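Each chain is listed here by its residues.
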Amino acid sequence: EVQLVESGGGLVQPGGSLRLSCAASGFTLISYCMYWVRQAPGKGLVWVSRITGDGIITTYADAVKGRFTISRDNGKNTLFLQMNNLRAEDTAVYYCARPRGACNDPPDYWGQGTLVTVSS
Amino acid sequence: QSVLTQPPSASGTPGQRVTISCSGSTSNIGTNTVNWYQQLPGTAPKLLIYSDNQRPSGVPDRFSGSKSGTSASLAISGLQSEDEAAYYCATWDDNLNGWVFGGGTKLTVL
């Protein structure tokens, strides 16, 4: 059974940093692209970033480009999102997600999410 | 402002058929397939429709998707109380080089 479990969320001051983790199980992580998607309280879904299975190619939404870094450790079955220079508008539940199959497939399997709150 | 446009709300009575629209442009819906998600309160999204009109296993055939040009629709027939949720359309955008979602439609079953 595919399982994704996010961790690392919490309260951080504006300008601060946070590193999210996503522990994957039930499948071979290196075989899949992985995504981060976020959802601000009471708002809709917003794609944040994608990384290829080998970790070589990464893409980001304009809103986080230059501040967030996606990475992965396939040996430890873990996906990461390093978030720097955080802003109030980054406050959201962050989900990691896996596509159905190919890298251009939509997110299919989702974790339960981890809440990031940016506030002084 | 979401790249894909959805009505913020929709409603229907049990047994009715409702449709939710999703409007985009040539760089997203016009070029790539559309997917639909259902999100119940306090839970992660669930993939409902992929590749315009395909249902993952376990999704009832009451749910169907269609696409024409730069617009897509999700139809729910035989509406049930458990269908009350938020619904999101999503597709890849070639200009933005990323996934884009609609703003979401909150479906109320009266």
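Before reading further, recall that the structure is shown in the block above.
These figures come from a predicted structure and were not determined experimentally.

### Details of the overall build of chain A
Within chain A, the regular secondary structure consists of zero helices and 11 strands. What you see in chain A, going N to C, is helices and strands ordered as β-β-β-β-β-β-β-β-β-β-β. The C-alpha atoms of chain A give 13 Å as radius of gyration, which agrees with the globular expectation for 120 residues (14 Å, within 12%). Expressed along its principal axes, the backbone C-alpha trace of chain A runs to roughly 40 × 25 × 25 Å. Looking at chain A as a whole, 50% of its 120 residues qualify as buried. In chain A, 53% of the contacts between residues at least 6 apart in sequence involve partners at least 24 apart. With an accessible surface of roughly 5,300 Å², chain A has 48% of that area assigned to carbon and sulfur atoms. Charge-centre separation for chain A: the mean point of 11 positive side chains lies 4 Å from the mean point of 9 negative side chains.

### Structural notes on the environment of Cys22(B)
Residues and elements named next belong to chain B. Tracing the sequence through the fold places Cys22 in strand S2 (residues 18-23). The sequence separation of Cys22 and Gly98 amounts to 76 residues, and the corresponding C-alpha distance is 17 Å. For Cys22, the contacting residues outside a window of four places in its chain are Leu4, Thr5, Gln6, Ile29, Trp36, Thr70, Ser71, Ala72 and Cys89.

### Comments concerning the pairing of strand S8 (residues 78-83) of chain A
Residues and elements named next belong to chain A. For S8, the buried fraction is high: five of the six residues fall into the buried class. Across six bridges, strand S3 (residues 18-25) lies against S8 in antiparallel orientation. In the sheet register, Ala23 faces S8, and the bridge partner there is Thr78. Across six bridges, strand S7 (residues 68-73) lies against S8 in antiparallel orientation. Paired with Asp73 across the strands is Thr78, a residue of S8. What sits between the antiparallel neighbours S7 and S8 is a turn of four residues, in which Asn77 has the positive phi angle 50 degrees.

### Let's talk about the interface of chain A and chain B
Opposite the 19 residues of chain A that make contact, chain B presents 16 residues. Counting each side, the surface lost to burial between chain A and chain B is near 1,500 Å², with a carbon and sulfur contribution of 63%. When the buried area of chain A at its contact with chain B is split by residue, Leu45(A), Trp47(A) and Arg100(A) rank highest and sum to 37% of it. On inspection of chain A and its partner chain B, the count reaches six residue pairs in polar contact (both at pLDDT 80 or more).

### Side note on the sheet that holds S3(A)
All names here are of chain A. Pairing in this open sheet of four strands is antiparallel, and the strands run S1-S3-S8-S7 from one edge to the other. Strands with a single pairing partner mark the edges of an open sheet, and in this sheet they are strand S1 (3-7) and S7. In this sheet, adjacent strand axes meet at a mean angle of 15 degrees when their direction is disregarded.

### Focus on the pairing of strand S1 (residues 9-12) of chain B
Residues and elements named next belong to chain B. By the alternation rule, side chains of S1 split into Ala10 and Gly12, which are all buried, and Ser9 and Ser11, of which none is buried. Here S1 pairs with strand S9 (residues 105-109) via four bridges, running parallel. In the sheet register, Gly12 faces S9, and the bridge partner there is Val109.

### Section: the sheet that holds S2(B)
Across a sheet, strands are paired by hydrogen bonds formed along the backbone, either parallel or antiparallel in direction. Residue and element names in this part refer to chain B. Taking strand neighbours across the sheet as the criterion, the three strands line up as S2-S6-S5 in an open arrangement whose pairing is antiparallel. At either margin of the open sheet sits one strand with a lone partner, and together these are S2 and strand S5 (63-68). With direction set aside, neighbouring strand axes in the sheet form an average angle of 20 degrees. Bridge count for S5 against strand S6 (residues 71-76) is six bridges, and the pairing is antiparallel. Each residue of the ladder has a partner; that of Phe63, found in S6, is Ile76.

### A few points about the packing of aromatic side chains
What the rule picks out here adds up to seven aromatic pairs over all chains. Seen in terms of ring centroids, Tyr35(A) and Trp99(B) are 6.1 Å apart; in terms of plane orientation they differ by 85 degrees. Their pairing is edge-to-face. On the criterion of chain membership, the pair formed by Tyr35(A) in strand S4 (residues 34-39) and Trp99(B) in strand S8 (residues 98-101) is interchain, its members lying in two chains. By the burial criterion, Tyr35(A) is buried, and Trp99(B) matches it. By the ring-pair criterion, three or more aromatic residues cluster together here, those being Tyr35(A), Trp47(A), Trp92(B) and Trp99(B). Between Arg98(A) and the ring centre of Phe27(A), over which it is positioned, the NZ or CZ distance is 4.9 Å. The ring centre of Tyr32(A) lies 3.7 Å from the NZ or CZ of Arg98(A), which sits over that ring.

The rules we used
Residues numbered from 1 in each chain as written. Chains lettered and ligands numbered in written order. Predicted model: local features only at pLDDT ≥ 70, side-chain atom pairs only at ≥ 80, totals over all residues. Heavy atoms only, no water. Helix = DSSP H or I, 4+ residues; strand = E, 2+ residues; numbered from the N terminus. Rg over C-alpha atoms; globule rule 2.2 N^0.38 Å. Buried < 20%, exposed > 50% of the residue type's maximum accessible area, 1.4 Å probe, protein only. Contact = heavy atoms within 4.5 Å. Areas by Shrake-Rupley, 256 points an atom, 1.4 Å probe, with all protein chains shown as cover. Lys, Arg positive; Asp, Glu negative; His and termini not counted. Charge placed at Lys NZ, Arg CZ, Asp CG, Glu CD. Pairing = 2+ DSSP bridges. Buried area = accessible area lost by both parts, 1.4 Å probe. Polar contact = N/O pair within 3.5 Å; in protein donor to acceptor, adjacent residues only side chain to side chain. Axes fitted to C-alpha atoms, helices over the stretch in contact; angles between N-to-C directions. Phe/Tyr/Trp six-rings, centres within 6.5 Å; stacked < 30°, edge-to-face > 60°. Lys NZ or Arg CZ within 6 Å of the ring centre and 35° of its normal.

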